[in-house]
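# What the coordinates show
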Amino acid sequence: MNKPIRMAIVGAGIWGENHARIYNAHPFAQTVAICDQNIEKARALAARQNVPKVYKDFEQMLEESGCDAVAIVTPDHAHAALAVAAARHKKHLLIEKPLATERQDVHRMMEAIRENGVRAMVDLHNRWSPPFHAAYAVLQKGELGELYQAYLRLNDIKWVATDMLPWAAKSSILWFLGSHSLDTLRWMFDDEVTRVYSVSRSGVLRGSGVDVPDLYLTTLEFRRGGVAQMENGWITPNANPCVNDIKCNLLGTKGMIAIDASHHNLVQKYTDSAVTVPDCLVQNEIFGMPKGFAFESIRSFVDCLYTGAPFHVTLEDAANTSLTLLAIMESAASRAPVEVTGLYEQLSPACKTAL
């Protein structure tokens, strides 16, 4: 492309506004439209971020806005129909994780995207996290030998399920955080999962009126023999200094890396009432500009779409992450190991560039 990418956004929530800010700050993009079922919410966002067109009807936006690409920033369960419609209108796609929450939706989204020749990326932004990318670089250099075993904990405080997400009961901590956890482990091992065994527990959130499991503890077996354990929950006490509790150990045949991204010790704030750790990694702002790794993934989508370079998260990555998470949920429900089947094979770099 030799002109700015005209981005349309569906979903006028907090993260939709972040998308608008990032596109408007990018030299090769501009936000041309925002769509939300709550039209007043969309109008308010448009006014704050200087978005020229506002829609309530998604199909109307696809037909009239003149957008080149669509960012789908809706609740987890609402991605599929929007993505299929956008693909049929020949619009490129950035989809907030997960790709989809139902197996049939994964397949129909993959089919629509491939048949219509559009490019698509799912925003699995932990690949842009500085500590995790540093670990990945060490693994790629062979300094740890073969990655043998891993442990990744990514939990949220209770406020996320009880207050932040009004649709938490329609989702799962596996979709909300497990998507990032599983994608990170697949990336680190450079491998797919063949079998999972997971257990879950419920009670705390249901006691607060949110009918959803509290946590999942999962064992993953990879094709080449690697083993990982994954912990995801959203009942960490609200007084935790960070919204996320994220820790990781990667054990190789020649060495180990330990990551604690919850308490980075770069900056702490103390008052008479609380101790907090200001976010300078995930969602940061410098001189009024959106910075931080959760924003870098969105910028990377624009960069790769503009230049034609391959996305750093492939469509197959996102599909296989969703399909493996569905196997984890099946295992937790049955309390038995589940074989992971029907995964998509990764395309060659040349094929990725062509899509």
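Let us look at the structure shown here. Small disclaimer: the values here were computed from a predicted structure and weren't measured.

Within a sheet, each strand pairs with its neighbour through backbone hydrogen bonds, oriented either parallel or antiparallel. Read across the open sheet, the seven strands follow the order β12-β11-β7-β10-β9-β8-β17; overall the sheet is mixed. Of all the strands in the sheet, just β12 (256-260) and β17 (338-339) have a single pairing partner and so form its edges. Pairing of strand β7 (residues 147-157) with strand β11 (residues 244-252) involves nine bridges; the strand directions are antiparallel. For L147, the partnering residue across the bridge sits in β11 and is G252. Contacting β7, β11 and β12, helix α6 (residues 130-140) crosses the sheet at an angle of about 175° to β12. Lying over the sheet, helix α11 (residues 315-334) contacts β8 (193-201), β9 (215-222), β10 (227-236) and β17, oriented at roughly 50° with respect to β8.

With that out of the way, let us pick up the environment of N232. When you line up the elements, N232 lands in strand β10. On the accessibility criterion, N232 (1% relative accessible area) is buried. When the C-alpha atoms of N232 and S181 are compared, they prove to be 8.2 Å apart, with 51 residues separating the residues in sequence. Residue contacts for N232: discarding those within four places in its chain leaves L154, N155, I173, L174, L177, G178, S181, D214, L215 and Y216. A polar contact of 3.1 Å, which involves the side chain of N232, links it to the backbone oxygen of L154.

Across soluble globular proteins, nonpolar side chains show a tendency to be buried alongside one another. Within the largest apolar cluster, 119 residues are counted, with the highest numbers of intra-cluster contacts made by F58, V70, L93, L99, L220 and W234. Each residue touching L220, except ones within four places of it in the same chain, is listed here: L182, L185, V193, R195, V196, G226, V227, A228, M230 and I328.

Strand order in the open sheet formed by six strands is β3-β2-β1-β4-β5-β6, and the pairing between neighbours is parallel. Both edges of this open sheet fall to β3 (53-55) and β6 (120-123), since each of them pairs with a single strand only. The average undirected angle you get between the axes of adjacent strands in this sheet is 25°. With four bridges joining them, strand β4 (residues 69-72) and strand β5 (residues 92-96) adopt parallel strand pairing.

Let's shift gears to helix α8 (residues 173-189). With 17 residues, α8 should cover 24 Å at 1.5 Å per step; its first-to-last C-alpha distance of 22 Å lies within 8% of that length. Along its length, α8 reaches its greatest deviation from straightness, about 40°, at S179. For α8, the N-terminal capping position is held by S172, with its side-chain oxygen 3.0 Å away from the main-chain nitrogen of L174.

Quick look at a negative patch on the surface now. A cluster of acidic side chains, namely D57, E59, E63 and E64, defines a negative patch on the protein surface. If you trace the backbone, E63 turns up in helix α3 (residues 58-64).

To continue, consider the state of the cysteines. Under the criterion given, the structure shown has zero disulfides. No disulfide involves C248; its sulfur sits 17 Å from the nearest other cysteine sulfur, which is in C242. Look at C248 and you get buried, because its relative accessible area is 2%.

Let's shift gears to the packing of aromatic side chains. If you walk through the whole model with that rule in mind, you get seven aromatic pairs. Ring plane angle 15° and centroid distance 4.2 Å describe the contact between Y136 and W187, whose orientation is recorded as stacked. With Y136 in helix α6 and W187 in helix α8, the pair connects residues that are 51 residues apart, well separated along the chain. The aromatic ring of F311 is capped on one face by R119, whose charged end is 4.1 Å from the ring centroid.

Okay, the pairing of β8 next. Each regular strand carries side chains that alternate between the two faces of the sheet. By the bridge criterion, eight bridges tie β8 to β9 in an arrangement that is antiparallel. Considered in β9, the bridge of S198 is made with T218.

In this section: unusual backbone geometry. Across the junction of K97 and P98, the peptide omega takes the value -5°, indicating a cis bond. By secondary structure assignment, the location of P98 is in the loop between β5 and α5 (103-115). You will see that K90, though not glycine, has its phi angle at about 65°, which is positive. Checked against the element boundaries, K90 lands in the loop between α4 (80-88) and β5.

Definitions and limits used
- Residues numbered from 1 in each chain as written.
- Predicted model: local features only at pLDDT ≥ 70, side-chain atom pairs only at ≥ 80, totals over all residues.
- Heavy atoms only, no water.
- Pairing = 2+ DSSP bridges.
- Helix = DSSP H or I, 4+ residues; strand = E, 2+ residues; numbered from the N terminus.
- Contact = heavy atoms within 4.5 Å.
- Axes fitted to C-alpha atoms, helices over the stretch in contact; angles between N-to-C directions.
- Buried < 20%, exposed > 50% of the residue type's maximum accessible area, 1.4 Å probe, protein only.
- Polar contact = N/O pair within 3.5 Å; in protein donor to acceptor, adjacent residues only side chain to side chain.
- Core = buried A, V, L, I, M, F, W, Y, C linked by side-chain atoms within 4.5 Å.
- Expected span 1.5 Å × (residues − 1).
- Bend = angle between axes of the 7 residues up to and from the residue.
- Patch = residues over 30% accessible without salt bridge, like charges linked within 9 Å, V, L, I, M, F, W, Y side chains within 5 Å.
- Areas by Shrake-Rupley, 256 points an atom, 1.4 Å probe, with all protein chains shown as cover.
- Salt bridge = Lys/Arg side-chain N within 4 Å of Asp/Glu carboxyl O.
- Lys, Arg positive; Asp, Glu negative; His and termini not counted.
- Charge placed at Lys NZ, Arg CZ, Asp CG, Glu CD.
- Disulfide = S-S within 2.5 Å.
- Phe/Tyr/Trp six-rings, centres within 6.5 Å; stacked < 30°, edge-to-face > 60°.
- Lys NZ or Arg CZ within 6 Å of the ring centre and 35° of its normal.

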